[in-house]
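Observations on chain architecture
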Amino acid sequence: MTTYTKNKTINLQTRLTQVGQLIGNTPLYPITNVYAKPHVQIYAKLEWQQLGGSVKARPAFNIIKQAIIEGKLHQGKHLLDATSGNTGIAYASIGAALGIPVTLCLPKNASEQRKKILSNLGVNIIYTSPFEGTDGAQIKAKELFKENPERYFYADQYANQHNWQAHVETTAPEIWLGTSGRITHFVAGLGTTGTFVGTTRGLKKFNPNIQNIALQPNNPMHGLEGWKHLETAIVPKIYDEKLADQFLEIDTLDAFDMVKKIAQTEGLLVSPSAAANLLGAIQVAEQIESGIIVTTFADDASKYQE
Ligand SMILES: Cc1ncc(COP(=O)(O)O)c(C=O)c1O
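For every chain, the first residue of the written sequence is number 1, and numbering continues from 1 onward in sequence order. At least 70 in pLDDT is required for a residue's local features to be given in this predicted model, at least 80 for side-chain atom pairs to be given and counted, and no such filter applies to totals for whole chains, interfaces and linings, which use all residues. Calculation of side-chain values draws on the structure's entire complement of heavy atoms; hydrogens and water are dropped beforehand.

So, the overall build of the chain
Looking only at helices and strands, the chain features nine helices and ten strands. Expected size for 306 residues packed as a compact globule is a radius of gyration near 19 Å; at 19 Å, the chain falls within 12% of this value. The buried share of the chain, reckoned over its 306 residues, is 57%. To measure how exposed things are, a 1.4 Å probe is used in the Shrake-Rupley method; for residues, cover is taken only from the protein chains shown. Of the accessible surface of the chain, which amounts to about 13200 Å², a share of 52% is contributed by carbon and sulfur atoms. The average position of the 28 basic charges and that of the 27 acidic charges among the side chains of the chain differ by 8 Å. Only runs of H or I of at least four residues qualify as helices and only runs of E of at least two qualify as strands under DSSP, and these elements are numbered from the N terminus. It is over C-alpha atoms that the radius of gyration is taken, and the globule rule equals 2.2 Å times the number of residues to the power 0.38. For every residue, the accessible area obtained with a 1.4 Å probe (protein chains only) is divided by the maximum for its type, and the residue is called buried under 20%, exposed over 50%, and partly exposed between those limits. The convention is simple: Lys and Arg are positive, Asp and Glu are negative, and His and the chain ends are not counted. Every charge is mapped onto a representative atom, which is NZ of Lys, CZ of Arg, CG of Asp or CD of Glu.

Structure representation (structure tokens):
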């Protein structure tokens, strides 16, 4: 923060605190209707209930805050990254609140709502090939940074340690406190892998016996926005393959079905990846006699209704 002019430094610190109050502390909601089993309880953390409307508020805020503290993001610099949407919206919201310009590389086939939200938040969008997904967007962001390192702070959510650390510091303690330390299983899909890696590391510190289950789409041509099929995608640098106690696969059409069931039985309009997380949690529930299973609902349905 010392890289800002004197007055701006004071404003920025105050603003960081104010914005930080809108990050995290999301509700831990008991799933009771769409699935029930005696002695097993599934909870979903409703992650859209924070600034920018998704779980990515946590890593985006931490990445920006740490970059300011480390002097890597200061006046005149643009925040640059590749994102399929949610992290971009989080960067854009936080960037707008802090007065930081944001440039994002985005696959051209990202949903129209996401593109509209990003442009409404004032983002400079650079479109990449729809056939290369987030991998193509990552390659483009790296090129831009290489061409002009003075202009950009390259946030690089796939390699930035402050991504998963956000979940060690916020998601894991919130889950631990929210279940009064009774959580037995944590279930989450893999995108940048920040949610799974950070929450798992954080929960293992509280209780190393907590089982952590990683979810993946069951094939490379899936429709679970935000998730990666790690066997065929660029593996994020922050990923740690030793962390998962178990891997489960989720089918896209099953997740779309589950979106409807969650809406009609729980009253929650959620994204396909949230429904996929619940499918994973239910698979775990079927394996055990008793336990408290926690998963995350990364975002709501609003960006997925074409
Ligand atoms: C909708 C959605 N679900 C799940 C994830 C996966 O979260 P993570 O990147 O922390 O692995 C993302 C990530 O962008 C996402 O946008």
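A closer look at the pattern of salt bridges
A carboxyl oxygen of Asp or Glu within 4 Å of a side-chain nitrogen of Lys or Arg is what we treat as a salt bridge. Scanning the model with the defined rule gives 13 salt bridges in all. Note that glutamate 174 is salt-bridged to arginine 58, the shortest N-O span being 3.0 Å. Placement of the pair is glutamate 174 in helix 6 (residues 161-178) and arginine 58 in helix 2 (residues 57-69), with a sequence separation of 116 residues. Each member of the pair glutamate 174 and arginine 58 is classed as buried. Salt-bridge contacts for lysine 115 lead to glutamate 112; the nearest nitrogen and oxygen are separated by 3.1 Å. Highlighted residues: lysine 115 and glutamate 112, both in helix 4 (residues 112-120), separated by three residues, approximately one helical turn. Classification of lysine 115 as buried rests on a relative accessible area of 13%.

A short note on the pairing of strand 3 (residues 78-82)
Where burial is concerned, most of strand 3 is hidden: five out of the five residues are buried. Along strand 3, one buried face is formed by His78, Leu80 and Ala82 and the opposite face, lined by Leu79 and Asp81, is buried too. Between any two strands, at least two bridges found by DSSP are needed for them to pair. In this structure, strand 3 lies alongside strand 6 (residues 152-154), joined through three bridges in parallel fashion. Residue pairing in the sheet places leucine 79 in a bridge with phenylalanine 153 of strand 6. Relative to strand 4 (residues 102-107), strand 3 is paired through four bridges, and the arrangement is parallel. Opposite leucine 80, over in strand 4, you have threonine 103 as the bridge partner.

So, the site of the ligand
By nearness alone, 15 residues border the ligand, and Lys56, Gly191, Thr192, Thr195 and Ser273 come closest of all. With respect to the ligand, the side chain of serine 273 contributes an N or O atom lying 2.6 Å from a nitrogen atom. Protein contacts shield 95% of the accessible area of the ligand, which totals 380 Å² for the unbound molecule. Under the convention adopted here, Pro, Cys and the residues Ala, Val, Leu, Ile, Met, Phe, Trp and Tyr are nonpolar, Asp, Glu, Lys and Arg are charged, and Gly plus all remaining residues are polar. Across the shell around the ligand, the residue classes break down as four nonpolar, eight polar and three charged. If even one non-hydrogen atom of a residue comes within 4 Å of a molecule or strand, that residue is called near it. Two N or O atoms form a polar contact when they lie within 3.5 Å of each other; inside protein one atom must be a possible hydrogen donor and the other a possible acceptor, and for residues adjacent in sequence the pair counts only when both atoms belong to side chains.

A word on the sheet that holds strand 1 (residues 28-31)
Taking strand neighbours across the sheet as the criterion, the six strands line up as 1-2-10-7-8-9 in an open arrangement whose pairing is mixed. If you trace the sheet from one side to the other, it starts and ends with strand 1 and strand 9 (246-250), each paired once. Sheet twist, expressed as the mean angle between neighbouring strand axes with direction ignored, is 30°. Here three bridges tie strand 7 (residues 185-189) to strand 10 (residues 291-297), and the two strands are oriented parallel to one another. Opposite valine 187, over in strand 10, you have threonine 295 as the bridge partner. Lying over the sheet, helix 6 contacts strand 1, strand 2 (40-46), strand 7 and strand 10, oriented at roughly 140° with respect to strand 2. Lying over the sheet, helix 9 (residues 272-287) contacts strand 1, strand 2, strand 7, strand 8 (211-217), strand 9 and strand 10, oriented at roughly 125° with respect to strand 9. Every angle, taken between N-to-C directions, lies between 0 and 180 degrees, and every axis is a line fitted to C-alpha atoms, over only the stretch in contact when it is a helix. Contact between two residues is taken to exist if any of their heavy atoms lie within 4.5 Å; hydrogens are not considered.

A look at the sheet that holds strand 3
Reading across from one edge, 5-4-3-6 is the order of the four strands in this open sheet, with parallel pairing throughout. Strands at the two margins of the open sheet, each flanked by one partner only, are strand 5 (124-128) and strand 6. Recorded for the sheet is a direction-independent mean angle of 25° between the axes of neighbouring strands. Each of strand 4 and strand 5 is contacted by helix 4, which is oriented at about 150° to strand 5, the strand it contacts most. The strands touched by helix 5 (residues 133-147) are strand 3, strand 4, strand 5 and strand 6; relative to strand 4, the strand with the most contacts, the crossing angle is about 145°.

Looking at the domain arrangement of the chain
Start and end points for every domain follow an automatic or database-based domain assignment. Partitioning the chain into structural domains gives domain 1 (6-54 + 164-303) and domain 2 (57-154). Distance between the C-alpha centres of domain 1 and domain 2: 23 Å. In this complex, domain 1 contributes 31 residues to the contact, which on the side of domain 2 involves 22 residues. Both sides of the domain 1 and domain 2 interface together cover about 2300 Å² of buried area, and 58% of this is carbon and sulfur. Across the contact surface, domain 1 and domain 2 share five salt bridges. Inspection of the region where domain 1 meets domain 2 yields 13 residue pairs in polar contact (both at pLDDT 80 or more). As a working definition, buried area equals the accessible area (1.4 Å probe) given up by two parts on being put together, with both sides summed.

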